[in-house]
Amino acid sequence: MSTETVGTIILLASFFIMIFAGNHIIFSIGISTLLTLLYLKVPLMTVAQQSVKGLNSFSLMAVPFFILMGVAAQNF
């Protein structure tokens, strides 16, 4: 089997095992992803940099600030 196939099997198997064991979905997704990244030998620093780079957009930052201003306007 290829490396990608084994990585996909690890991702799905660990996710479903943790879900059926009663873990929360967010923890199951995170741990499954971490296990797969470690198996594929992807540098975790690169993953963190790409995640921050993807979140650093104006439209994604506007939504929480819009909600924050709505809450602030309600309190005054």
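Every value quoted in this text rests on a predicted model; they were computed, and no experiment measured them.

Visitor: Which parts of the structure should I look at to understand a nonpolar patch on the surface?
Guide: On the surface, a cluster of nonpolar side chains totalling about 420 Å² of accessible area is made up of Leu11, Leu12, Phe16 and Phe20. With respect to the helices, strands and loops of the structure, Phe16 is situated in helix 1 (residues 3–20). A relative accessible area of 42% means that Phe16 is categorised as partly exposed.

Visitor: Is there a simple way to explain the packing of helix 1 against helix 2 (residues 25–39) in this structure?
Guide: In contact at an axis separation of 9 Å, helix 1 and helix 2 are set at 155° when each is read in the N-to-C sense. Between helix 1 and helix 2, the crossing angle belongs to the class labelled roughly antiparallel. Here helix 1 runs over helix 2; the crossing is right-handed. Across the interface between the two elements, Thr3, Val6, Gly7, Ile10, Leu11, Ser14, Phe15, Met18 and Ile19 of helix 1 pack against Ile25, Ser28, Ile29, Ile31, Ser32, Thr33, Leu35, Thr36 and Tyr39 of helix 2. Across the contact of helix 1 with helix 2, the residue classes tally to eleven nonpolar, seven polar and no charged.

Visitor: Sorry if this is basic, but what is going on with the domain arrangement of the protein chain here?
Guide: It is common to give the size of an interface as the accessible area lost on bringing the parts into contact. For the protein chain, the domain assignment lists domain 1 (1–40) and domain 2 (43–75). A C-alpha centroid distance of 26 Å is found between domain 1 and domain 2.

Visitor: Please clarify how the UniProt feature "domain: TRAP C4-dicarboxylate transport system permease DctM subunit" (unreviewed entry) in the protein chain should be interpreted in this entry.
Guide: Mapped onto the present numbering, the UniProt feature "domain: TRAP C4-dicarboxylate transport system permease DctM subunit" (unreviewed entry) falls at residues 12–75. In the segment residues 12–75, helix accounts for 84% and strand for 0%; the C-alpha atoms at its two ends are 45 Å apart.

Visitor: It is not clear to me how the confidence of the model for the protein chain should be interpreted in this structure. Could you clarify?
Guide: In low-pLDDT segments, the atomic positions of the prediction should not be examined closely. On average, residues of the protein chain carry a pLDDT of 90, and 100% of them reach 70 or more. For the protein chain, the element scoring lowest by mean pLDDT is helix 4 (residues 58–75), at 85; helix 1 scores highest, at 95.

Visitor: Help me out: how do you make sense of the UniProt feature "transmembrane region" (unreviewed entry) in the protein chain in this one?
Guide: UniProt feature "transmembrane region" (unreviewed entry): in the numbering of this structure it lies at residues 12–40 and 52–73. As annotated, residues 12–40 has a helix share of 83% and a strand share of 0%, and its two end C-alpha atoms lie 14 Å apart. Secondary structure content for residues 52–73 is 91% helix and 0% strand, while the C-alpha to C-alpha distance between its ends is 29 Å.

Visitor: What should I look at first to understand the environment of Ile9 in this one?
Guide: For Ile9, the position within the fold is in helix 1. Taking the C-alpha atoms as reference points, Ile9 and Ala48, 39 residues apart in sequence, are found 23 Å from one another.

Visitor: What's the story with the side chain of Thr36 in this structure? I'm lost.
Guide: The residue Thr36 is located in helix 2 in this model. Apart from residues lying up to four places away in sequence, Thr36 is in contact with Gly7, Ile10 and Leu11.

The rules behind the values
- Position labels on residues start from 1 in each chain and follow its written sequence.
- Residues qualify for local features only when their pLDDT is at least 70, as the model is predicted, and side-chain atom pairs are given and counted only at 80 or more; totals for whole chains, interfaces and linings, by contrast, use all residues.
- Side-chain numbers here rest on the full set of heavy atoms in the structure, without hydrogens or water.
- Surface patches are drawn from residues lacking salt bridges whose relative accessible area is over 30%; two like charges belong together within 9 Å, two nonpolar side chains (Val, Leu, Ile, Met, Phe, Trp, Tyr) within 5 Å.
- The Shrake-Rupley method, run with a 1.4 Å probe sphere, supplies the accessible areas, and residue values consider only the shown protein chains as cover.
- The salt bridge definition used is simple: a Lys or Arg side-chain nitrogen within 4 Å of an Asp or Glu carboxyl oxygen.
- Secondary structure follows DSSP: runs of H or I at least 4 residues long count as helices, runs of E at least 2 residues long count as strands, and numbering of each begins at the N terminus.
- Per-residue accessibility, obtained with a 1.4 Å probe over protein chains only, is compared with the maximum for each type, and a residue is labelled buried under 20%, exposed over 50%, and partly exposed between these values.
- Axes here refer to lines fitted to C-alpha atoms; in helices the fit is confined to the stretch in contact. Angles between the N-to-C directions go from 0 to 180 degrees.
- An angle counts as roughly parallel when it lies under 35 degrees, as roughly antiparallel when it exceeds 145, as roughly perpendicular when it falls between 65 and 115, and as oblique in every other case.
- Handedness of a crossing follows from how the near helix is turned relative to the far one, being left-handed for an anticlockwise turn of less than a right angle and right-handed for a clockwise one.
- When checking whether two residues touch, look at their non-hydrogen atoms; a contact exists if any pair is within 4.5 Å.
- Three classes are used: nonpolar for Ala, Val, Leu, Ile, Met, Phe, Trp, Tyr, Cys and Pro, charged for Asp, Glu, Lys and Arg, and polar for all others, with Gly counted as polar.
- As annotated, the domain borders come from an automatic or database domain assignment.
- UniProt positions are given in the numbering used here, feature names are shortened, and annotations may be inferred rather than shown by experiment.
- Known as pLDDT, the predictor's per-residue confidence is scaled from 0 to 100.

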